[in-house]
Amino acid sequence: MTTRTDALENPYRLARTVVPSAYRLRLRPDFATATFTGTVEISLAITQPVRAIVLNAIELDVEPATLVVAGRSLRSGTPVLDGEFETAAFNFDEELPVGAATLVVAFRGILNDQLRGFYRSTFDDEHGAPHVIATTQFATTDARRAFPCWDDPAVKATFQVTLEVPESLAAFANTRELASRSLGEGYREVTFAESMVMSSYLVAFVVGDFEASPETVVAGTTLRVIYPVGKGHLIEWATEAAVHALEFFSDYFAIAYPGDKVDLIAIPDFAAGAMENLGLITFREADLLIDPDTASIPELERVALVVNHELAHMWFGDLVTMEWWEGIWLNEAFATFMESICTDHFRPEWQKWVRFQPQREAAFAVDAQHSTRPIEFRVVSPDECRGMFDVLTYIKGCAVLRMLEQYLGATTFRDGIRAYLRRHSYANAVTNDLWRALEEASGQPVGSIMDTWILQGGFPLVRVERDVVHQEPFSYGAPTGSSSIGTSWKVPLSVRSLDNASNSKHLLDHDSATIPVSGTTIVNGGGWGFFRTAYASEQLRALSTRLGDLDA
Ligand SMILES: [Zn+2]
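Residues numbered from 1 in each chain as written. Predicted model: local features only at pLDDT ≥ 70, side-chain atom pairs only at ≥ 80, totals over all residues. Heavy atoms only, no water.

Caption draft 1: Highlighting the overall build of the protein. If you tally the helices and strands in the protein, you get 10 helices and 31 strands. Rg of the C-alpha trace for the protein: 26 Å, near the compact-globule value of 24 Å for 552 residues, within the 12% margin. Once the C-alpha set of the protein is aligned to its principal axes, its extents read approximately 85 × 60 × 45 Å. Among the 552 residues that make up the protein, the fraction classed as buried is 57%. Within the protein, residue pairs in contact and separated by at least 24 positions form 69% of the contacts whose partners lie at least 6 positions apart. A total of about 21,300 Å² of accessible surface is found on the protein, and carbon and sulfur atoms cover 50% of it. Side chains of the protein carry 45 positive and 72 negative charges; the gap between the two charge centres is 4 Å. (Helix = DSSP H or I, 4+ residues; strand = E, 2+ residues; numbered from the N terminus. Rg over C-alpha atoms; globule rule 2.2 N^0.38 Å. Buried < 20%, exposed > 50% of the residue type's maximum accessible area, 1.4 Å probe, protein only. Contact = heavy atoms within 4.5 Å. Areas by Shrake-Rupley, 256 points an atom, 1.4 Å probe, with all protein chains shown as cover. Lys, Arg positive; Asp, Glu negative; His and termini not counted. Charge placed at Lys NZ, Arg CZ, Asp CG, Glu CD.)

Structure, rendered in structure tokens:
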């Protein structure tokens, strides 16, 4: 379970004695030396008298800070760095008074080749000419490699970025460009608008030989696809998918897109598939740029899914963000669920939910082993959440959300999601906040149902004998040691008669229960329950003659 008091006890999280509200960040990459210099000016509130201000920073050469507080300017001592917890502490000679203050820090860093933080890579154009780029990947905790900050998803602030870049290169950030002016000596300064209040891991900027598509206005938001020079003929498909998705999500969530523009940018050297930086979504090239004339349907579907997934995160993840990294499963499971809903609307003929079934089978296979894990588990160090980026988070997580949506009804579920997003906009939430909103929308005990699917591993086998259903844990063989498979679930049943149109929903919340049976009856109508079913032999015989009456 996740509680907000965790923040106070976790050594990987900074004390809330000083909290930022606005960053003004200036960075100048130097491609020749693969370094960058920067300054960050942070508006903050001192909430308790302190003598030190501690931020996250790693692999940065940080100078003493200046603090402007109560009309005075104070200079810190040499910052004290902690490599284990990745912090820089600025100590002052006197106690700092409670109230508003501004911290100014200058620093130098490495434009690394590790595909994280602020990093450098190269690509060759169609003529074989090399081009250099500098780009960012901050999730989960690499913003601190680019500038000192409160690098915690729950510490939200605005970010205003100014980049000093070679005159010949394009520059992009989370927000719209406000101004560009020459600095002489081949450099120019590009100033971007202040962002909405958001988490540090969503900050992004990119510098390089890129071109941008013309702007398309969708649901009041300007959309562009940005690509390495010479690849403008490969953006049509992603643009079509993104236009659809922006309209679809604005409508589904009933909240306007929260940023001031959306750029989808193809990065030649990118570790993940894509990253949901607000307003500047970075993609691996192959997940964004595609030639519809030569691509296969699965390749086109892949691009649409990734575009839909990342755009869903603009609301679920960026506007409302997990309180700490154990919540990343919900972020990813929900975006996977929404990518499917959106893709099904975009191209119904692809039958996205039917094609989800083989993926779901893969989750069943992992989850039936005693070595499985609960979808959500406690995370202390941010690194521990890396174990969550697997089939159980993305696919089982998506499948149990789909099961819940089908049990509550699609409209009720959507209304609960809307309420959750409205309530926690520009802020953070834990898993239970979502269940609470869905409970209010549905009147169903969503939290106690979902805890059985999220906080324990495995899934049940539901045995059906005439009108009696019984659940037991499903597994491959007996455990040789400890088992992560749970014992009992609250199982949503969709009881459907193949002989008449009757279709009713039940919750199997004990070991066994009776259900209304009318002729040939199935208990997993639509197939969305995340469980296996075993029918008594005469029922199975009757069912086997009616397979054509089942959903695809
Ligand atoms: Zn995602």
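Caption draft 2: Highlighting the coordination of the zinc ion. Those protein atoms acting as donors to the zinc ion are H309 (NE2), H313 (NE2) and E332 (OE), and they sit at 1.9 to 2.1 Å. We note that the donor set of the zinc ion lies within a single chain, spaced as H-x3-H-x18-E. On the criterion of sequence distance, the pair formed by H313 in helix α3 (residues 297-313) and E332 in helix α4 (residues 328-346) is long-range, its members being 19 residues apart. E332 carries the same exposure label as H313, and that label is buried. (Donors = N, O, S within 2.8 Å, 3.2 Å for Na, K, Ca; no water.)

Caption draft 3: Structural view of unusual backbone geometry. Cis geometry is found at the peptide bond from A139 to T140, where omega equals 0 degrees. Secondary-structure assignment places T140 in the loop between β11 (130-137) and β12 (158-166). Positive phi values are uncommon outside glycine, yet E59 reaches one of about 55 degrees. Note that E59 resides in the loop between β3 (50-56) and β4 (60-62). Not every positive phi belongs to a glycine, and E185 is a case in point at roughly 55 degrees. Its location among the elements puts E185 in the loop between β14 (177-184) and β15 (187-192).

Caption draft 4: The environment of Q369, seen in detail. Among the structural elements, Q369 can be located in the loop between α5 (352-367) and α6 (391-408). Sequence spacing of Q369 and A478 is 109 residues, and the spatial spacing of their C-alpha atoms is 9.5 Å. Here Q369 is in contact with Y476 and I485, once residues within four sequence places are set aside.

Caption draft 5: Region of interest: the pattern of salt bridges. Across all of its chains, the model carries 33 salt bridges by this definition. Residues D142 and R145 are paired through a salt bridge, measuring 2.6 Å at the closest nitrogen-oxygen approach. Across this residue pair, the class does not change: D142 and R145 are buried. Among the ionic pairs, D390 bridges to R373, the shortest N-O distance being 2.6 Å. In this pair, D390 sits in the loop between α5 and α6 while R373 sits in the loop between α5 and α6, placing the two residues 17 residues apart along the sequence. The class for D390 is partly exposed, based on a relative accessible area of 25%. On the accessibility criterion, R373 (13% relative accessible area) is buried. Among the charged side chains, a network of salt bridges with common partners joins R26, R28, E164, R181 and E189. (Salt bridge = Lys/Arg side-chain N within 4 Å of Asp/Glu carboxyl O.)

Caption draft 6: Region of the structure containing the sheet that holds strand β29 (residues 512-514). If you trace the 4 strands from one edge of the open sheet to the other, you get β29-β26-β25-β31, paired in mixed fashion. Sheet topology places β29 and β31 (532-535) at the edges, where each strand pairs with a single neighbour. Here the strands of the sheet are splayed against their neighbours by 20 degrees on average, with no regard to which way each runs. Across 3 bridges, the pairing between strand β26 (residues 468-473) and β29 is antiparallel. The residue of β29 that forms the bridge with V468 is T514. Sheet contacts for helix α10 (residues 537-544): β25 (460-465) and β31; angle to β31, the most-contacted strand, approximately 105 degrees. (Pairing = 2+ DSSP bridges. Axes fitted to C-alpha atoms, helices over the stretch in contact; angles between N-to-C directions.)

Caption draft 7: Structural context of the environment of M275. In this fold, M275 is placed in strand β21 (residues 274-275). Among the residues examined, M275 registers a relative accessible area of 5% and is labelled buried. M275 sits 81 residues away from F356 along the chain, and the two C-alpha atoms are 22 Å apart. For M275, the residues in contact, after removing those within four places along its chain, are Q137, A139, Y201, L202, F270, L280, I281, T282 and E310.

Caption draft 8: Structural view of the side chain of T158. Relative to the elements of secondary structure, T158 occurs in strand β12. Given a relative accessible area of 10%, T158 falls into the buried group. Among residues more than four places away in sequence, those in contact with T158 are S21, A22, Y23, E194, S195, M196 and V197.

Caption draft 9: Structural detail: helix α2 (residues 236-253). Its 18 residues place the ends of α2 26 Å apart at the C-alpha level, agreeing with the 26 Å of an ideal helix rising 1.5 Å per residue. Within α2, 13 of the 18 residues are buried, which leaves the element mostly enclosed by the surrounding structure. In the stretch just after α2, A254 is the one whose phi turns positive, near 55 degrees. (Expected span 1.5 Å × (residues − 1).)

Caption draft 10: Here's a closer look at the packing of helix α8 (residues 431-442) against helix α9 (residues 446-454). Running from N to C, α8 and α9 cross one another at 140 degrees; their axes reach a closest spacing of 8 Å. Classed by the angle they form, the pair α8 and α9 counts as oblique. In this structure, α8 contributes N432, W435, L438, E439 and S442 to the contact, and α9 contributes V446, G447, S448, M450, D451 and I454. A per-class count over the contact of α8 with α9 returns 5 nonpolar, 4 polar and 2 charged. (Parallel < 35°, antiparallel > 145°, perpendicular 65-115°, else oblique. Nonpolar A, V, L, I, M, F, W, Y, C, P; charged D, E, K, R; others polar.)

Caption draft 11: Spatial organisation of the nonpolar core. If you look at the biggest cluster of nonpolar residues, it comprises 178 residues, and the most contacted ones within it are F147, L264 and L311. Apart from residues lying up to four places away in sequence, L264 is in contact with L223, R224, V225, I226, A242, I281, F283, L288, V307 and L311. (Core = buried A, V, L, I, M, F, W, Y, C linked by side-chain atoms within 4.5 Å.)

Caption draft 12: Quick look at the packing of aromatic side chains. Scanning all chains against the criterion turns up 35 aromatic pairs. With 5.9 Å between their ring centres and 75 degrees between their planes, F474 and Y476 make a pair best called edge-to-face. Looking at F474, the relative accessible area reads 18%, which means it is buried. Aromatic ring contacts, followed pair by pair, group F316, F334, F337, W353, F356, F413, Y420 and W528 into a single cluster. The lysine or arginine in question, R28, covers the ring of Y187, its NZ or CZ lying 3.8 Å from the ring centre. Above the plane of the ring of F346 lies R347, whose end atom (NZ or CZ) is 4.2 Å from the centre. (Phe/Tyr/Trp six-rings, centres within 6.5 Å; stacked < 30°, edge-to-face > 60°. Lys NZ or Arg CZ within 6 Å of the ring centre and 35° of its normal.)

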